[in-house]
Amino acid sequence: MIHFAELFMKIKQTLETLIRQAMVDAGIPEPKPIVKQSQRAEFGHYQANGVMAAAKQLKQAPRDLAKAILAMLPPQPDFSFEIAGPGFINVRLSNDCLSRALSQAASTIALACPAPRRIVVDYSSPNLAKEMHIGHLRSTVIGDTIVRVLEHVGHTAIRANHVGDWGAQFGSLLAYLAETGHNESAQAAALSDLEKFYQAASKKFKQDPEFAETARGYVVKLQAGDPTLKQLWQAFIATSMDHGQAVYDKLGITLSKADAMPESQYNDDLLPLLDSLQNQGLIERSDGALCVFLDEFKGKDGSRLPAMVQKSDGGFPYLATDLAALRYRYQTLKADEALYVVGASQQLHLRQVFAVARAADFIPEQLTTRHLAFGLVLKADGTPFKTRDGADVKLIDVLNEAVDRAKTLLAARSEGLTDEEQQVIARVIGIGAIKYAELQKNRTTDYVFDWDTMLSFEGNTAPYLQYAYTRIRSLFRKSGASPMGPNSEVVISTTEETALALKNLQFQEAIDTYLDDYQANVLCNYLFELAGTFMTFYEHCPILSENQTLRSSRLRLAELTADTLKTGLGLLGIETVERM
RNA sequence: CCGCUCGUAGCUCAGCUGGAUAGAGCACCAGGCUUCGAACCUGGGUGUCGGGAGUUCGAAUCUCUCCGGGCGGGCCA
C-alpha cells in the first residue's frame with residue numbers, strides 16, 4: 001500500500017524506486033529503470049524503458065527479464081504492470097489509487113524542498129540612462145519565473161538586478177551634455193529627454209574620435225569621484241530607476257529597487273581584484289591592456305583569446321565588474337549557486353567570467369554557475385524587433401498596447417462587465433498574454449513576437465488557460481457550492497476523470513522537469529494539457545445535475561484543477577480573474 | 001578563419017540522460033449549443049526530423065562530416 005502523504009505528486013519517483021529495487025533483486029547490478037510518462041494512452045500512464053538495455057548487458061531475452069523483474073515486485077494493489085513490445089514495462093494507476101491520492105491531497109502545492117539552497121538569479125539588468133526596451137522583456141520575464149519557482153519549492157532566491165549605471169555610456173553622455181551646455185536642464189530632465197541626449201552622444205562617440213577620447217576622460221573623472229559629475233550622474237540614476245520600477249509594476253515583476261545591484265557598487269572592488277589577479281600571476285600586459293589568458297580559451301592554432309580586465313587607459317571593462325559581482329555573490333551573498341539570465345550573445349563573455357573567477361579562486365568549486373541564455377526578439381518577418389526607423393521599441397509602449405488590444409477583444413466578447421472590471425481584466429489578459437507567449441517557447445532560440453498569435457485567445461495561450469479557470473469559478477458561482485476542501489472524496493469512473501486526476505497529480509513532476517534546465521515551456525505545456533484535459537472532462541461529465549456523491553466529487557476535481565491552474569500560472573507571473 | 005547555437009508538418013513550435021506508429025497549436029474541412037461560460041469540444045496529418053556517414057537490437061535524440069541561418073571572437077556593454 002502506498003503512503004500518499006509521501007508520494008503525492010511523486011508518482012514517477014515512486015515507480016522509479018520500486019522498479020529499481022526489483023531490478024536489483026532480479027540480479028541487475030546497476031539498474032536504470034528509465035521511467036517516463038507514456039506518450040500514448042494504450043501504453044499506460046507510465047512506462048519503464050530500462051529493461052532492454054539491462055537485458056543486453058546480461059545477454060538475456062528482454063521480455064523474460066521483464067517478467068523476472070515483475071516477479072520481484074511486492075504485491076501492488078495501486079499499480080498494474082504489463083510487459084509490452086520488445087520489453088517495455090507499462091504501468092497503469094488504478095482509479096482507486098488516483099481517487100485516494102486526490103482525496104488525501106491538501107492541495108496541489110508542492111512539497112517542502114528537502115535541500116534548500118541560496119540561489120542568486122541575475123536578471124533584467126537594464127542599462128540606466130535609457131528607457132527599457134523590448135530587448136529587456138525576455139530576461140525580465142524568464143528570470144522572474146525562475147525566482148518564483150525556486151521560492152515555491154523552498155529555495156532562497158536572491159534577485160540580482162545588475163543595472164548598468166557605470167561605464168562608457170555615462171562618459172559619453174556627460175561629455176555630450178558638457179559640450180552642448182545642457183548640464184543644467186539635464187539635471188531635471190525626464191528620462192525620454194535623457195535618452196535623446198544619450199542617442200546623440202553615442203552617435204557622436206562612434207563618428208568623432210576626438211569626442212570619444214573626451215568621453216573616456218569623463219568616465220575616468222567620474223570614477224575618480226568628481227563631485228559635480230557625480231551629482232549629475234545620481235540624478236540620471238534616480239530618474240531611470242523610477243522608470244524601471246514603473247515598468248516592473250505594470251508587468252507584474254517581483255523586482256523592487258532594493259534588488260538593484262548596480263555596476264557602480266563594485267567600483268571599490270576593482271583595484272583589489274586586479275591586485276589579486278596580479279599576485280597570482282594571472283595577469284599579462286598585452287597591447288597596453290591587462291589581460292588574463294587561460295588555456296581553455298586557446299584556439300586550435302595556438303591563438304590566445306584575452307580576457308581583458310583593465311583597458312590601456314586605466315578604465316575597467318565589464319569583465320572586471322562582472323568578476324567582482326560574481327565574487328560578491330559568493331563572499332557577501334553566500335550563494336550556493338549563481339544563475340545568469342542573459343542573452344545568448346554573451347555566452348563567450350560569461351564563460352570567461354566563470355573561468356577567470358575559478359582560476360583566481362574568487363569562487364569555490366562547489367558554487368555552480370550557469371548561464372541561462374536566450375535568443376533575440378524578432379518580428380513576424382524574422383527581422384529584429386525595431387521601429388521602422390531602426391530604434392528600439394519601448395517596453396512600456398508594448399505593455400500598453402497589449403492591454404489596449406485585450407480591452408478591445410474583451411469589449412467584443414464579454415457581457416455584463418463594468419468598465420472598471422474590464423480595465424482590470426484587460427490588464428490581466430494583456431500582460432498574461434505577453435508573458436505566456438514568451439515563456440511558452442524554448443528559451444534558447446530566437447523568439448517571434450506576434451500580437452495576433454499571443455492574443456488570439458485560441459490554442460496554447462494565456463487567455464485559454466485563464467478561460468479554463470473562469471469556467472471553474474463560474475461553476476462554483478452557479479451552483480452556490482462552497483469550497484469542497486482537502487478531505488472531500490473523489491470518485492473516479494470515467495476515462496475523462498482518470499485523465500484529469502492523473503494530470504493534476506503530475507504538477508510536481510512538471511516543476512521538477514522545469515528545474516532541470518529552467519525551460520518554462522515545460523510548465524506552459526503542462527498547464528495547457530491540464531486545461532485541455534479539464535475542458536474535455538467538462539464537456540463530457542455533467543456536474544451540477546448529478547447526484548450528491550458524483551456532484552461533489554466532480555466539483556472537487558474541478559476545484560483541484562483551478563488550484564493547480566492558479567498556482568501554475570502564478571509561477572509564471574500570470575494572474576487569473578473570476579470572470580472574463 | 002575559429003568558437004557557440006539552431007535547422008522537425010504550409011506557419012509557430014514541442015519531443016533530444018537513445019526506445020513502441022515523430023506530436024501540439026494556428027490555418028483549412030466536417031460535425032456539436034432549449035442543459036454547468038461555444039474564448040469551448042469531437043473527428044480529419046503522405047513530415048527526405050537540413051544532406052550524408054558511423055555507433056546500436058533500436059537514432060529526431062549520441063559521434064563525425066558537409067550545407068544553411070543566427071550570435072560571438074582585446075580596449076562598447
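That block above? That's the structure.
Just so you know, these numbers come straight off a predicted model, no measurement behind them.

*Asks:* I'd like to hear about the packing of helix α3 (residues 51-58) against helix α4 (residues 62-72), residue by residue, with values.
*Replies:* Look at α3 against α4: their axes get within 9 Å of each other, and the N-to-C directions meet at 110°. Classified by the angle their axes make, α3 and α4 are roughly perpendicular. Facing α3, whose interface residues are V51, M52, A54 and A55, α4 presents P62, L65, A66 and I69. Taken together, the residues of the contact of α3 with α4 sort by class into eight nonpolar, no polar and no charged.

*Asks:* Tell me about the protein's contact with RNA strand B, residues and numbers included.
*Replies:* Taken together, 64 residues sit near RNA strand B, with K56, D287, N442, F457 and R471 positioned nearest. Here RNA strand B approaches the protein such that, of its atoms within 4 Å, sugar and phosphate make up 58%. A distance of 3.4 Å separates a phosphate oxygen of RNA strand B from a polar atom in the side chain of K36. At 2.5 Å, a side-chain N or O of R40 approaches a sugar or linking oxygen of RNA strand B. Broken down by secondary-structure element, the contributors of at least two residues to the surface near RNA strand B are α3, β4 (88-93), β9 (304-310), α14 (347-359), α15 (395-413), α18 (462-479) and α21 (520-540). A total of eight residues in the surface near RNA strand B trace back to one element, the largest contributor, which is α21. Split by residue class, the surface near RNA strand B holds 27 nonpolar, 19 polar and 18 charged.

*Asks:* I'd like a rundown of the pairing of β9, residues and numbers included.
*Replies:* Inspection of the sheet shows strand β8 (residues 289-298) paired to β9 by five bridges, in the antiparallel sense. Across the sheet, L290 pairs through a bridge with Q310, a residue of β9. Here β8 folds back onto β9 in antiparallel fashion, the turn holding five residues, of which G302 has a positive phi close to 90°.

*Asks:* Which residues make up the packing of α18 against helix α22 (residues 548-571), and what are the values?
*Replies:* α22 packs onto α18 with a crossing angle of 140° between their chain directions and a minimal axis gap of 10 Å. Crossing of α18 over α22 shows left-handed handedness. Seen from α18, the contacting residues are L465, Q466, A468, Y469, I472, L475, F476 and S479; seen from α22, they are R551, L555, A558, E559, T561, A562, L565, K566 and L569. Residue classes in the contact of α18 with α22 are distributed as 11 nonpolar, three polar and three charged.

*Asks:* An account of the packing of aromatic side chains is requested, with residue identities and associated values reported.
*Replies:* Enumeration according to the criterion identifies 13 aromatic pairs in this entry. Ring geometry for Y464 and F528: centres 5.4 Å apart, planes at 55°, overall tilted. Taken together, the residues span a long stretch of sequence, with Y464 in helix α18 and F528 in helix α21 at a distance of 64 residues. A relative accessible area of 18% places Y464 in the buried class. Ring centres 5.9 Å apart and planes at 45° place the aromatic pair F534 and F537 in the tilted group.

*Asks:* Give me helix α10 (residues 209-223): which residues, what numbers.
*Replies:* Here α10 spans 21 Å end to end across 15 residues, near enough to the 21 Å set by a 1.5 Å rise per residue. The set of residues buried in α10 consists of F211, A212, A215, Y218, V219 and L222. Each buried residue of α10 lies within a common arc of 110° when the element is viewed along its axis, so the set occupies one face. Along α10, the residues that are exposed and aim more than 90 degrees away from the buried face are P209, E210 and E213. Those residues of α10 hidden inside the fold are in contact with α7 (168-180), α9 (191-207) and α11 (227-251). The backbone nitrogen of E210 lies 3.0 Å from a side-chain oxygen of the residue at the head of α10, namely D208.

*Asks:* Give a description of unusual backbone geometry that names residues and reports values.
*Replies:* The backbone of A129 sits at a positive phi, close to 75°, despite the residue not being glycine. With respect to the element layout, A129 can be found in the loop between β5 (118-122) and α6 (137-152). Residue A129 is classed as buried on the basis of its relative accessible area of 1%. One non-glycine residue with positive phi stands out, namely K334, at about 55°. Inspection of the secondary structure assignment puts K334 in the loop between α13 (318-331) and β10 (337-343).

*Asks:* Describe in detail the environment of S139, supporting the description with residues and values.
*Replies:* Residue position: S139 is located in helix α6. Taking relative accessible area as the criterion, S139 reaches 4% and is therefore assigned buried. Each C-alpha atom of the pair S139 and V342 lies 6.2 Å from the other, and the pair is 203 residues apart in sequence. Setting aside residues up to four positions removed in sequence, S139 forms contacts with Y123, S124, V341 and F374. A distance of 2.8 Å separates a polar side-chain atom of S139 from the backbone nitrogen of S124.

*Asks:* Could you give me a rundown of the nonpolar core, with the residues and numbers involved?
*Replies:* Core analysis: the biggest nonpolar cluster contains 120 residues, and I69, V121, I146, F449, M454 and L572 have the highest contact counts within it. Core analysis: the second largest hydrophobic core is formed by 38 residues, L274, F297, A335 and V353 among them.

Calculation criteria
Residues numbered from 1 in each chain as written. Chains lettered and ligands numbered in written order. Predicted model: local features only at pLDDT ≥ 70, side-chain atom pairs only at ≥ 80, totals over all residues. Heavy atoms only, no water. Axes fitted to C-alpha atoms, helices over the stretch in contact; angles between N-to-C directions. Helix = DSSP H or I, 4+ residues; strand = E, 2+ residues; numbered from the N terminus. Parallel < 35°, antiparallel > 145°, perpendicular 65-115°, else oblique. Contact = heavy atoms within 4.5 Å. Nonpolar A, V, L, I, M, F, W, Y, C, P; charged D, E, K, R; others polar. Near = heavy atom within 4 Å. Polar contact = N/O pair within 3.5 Å; in protein donor to acceptor, adjacent residues only side chain to side chain. Pairing = 2+ DSSP bridges. Left-handed = near helix turned anticlockwise from the far one by under 90°. Phe/Tyr/Trp six-rings, centres within 6.5 Å; stacked < 30°, edge-to-face > 60°. Buried < 20%, exposed > 50% of the residue type's maximum accessible area, 1.4 Å probe, protein only. Expected span 1.5 Å × (residues − 1). Arc of directions from axis to C-beta. Core = buried A, V, L, I, M, F, W, Y, C linked by side-chain atoms within 4.5 Å.

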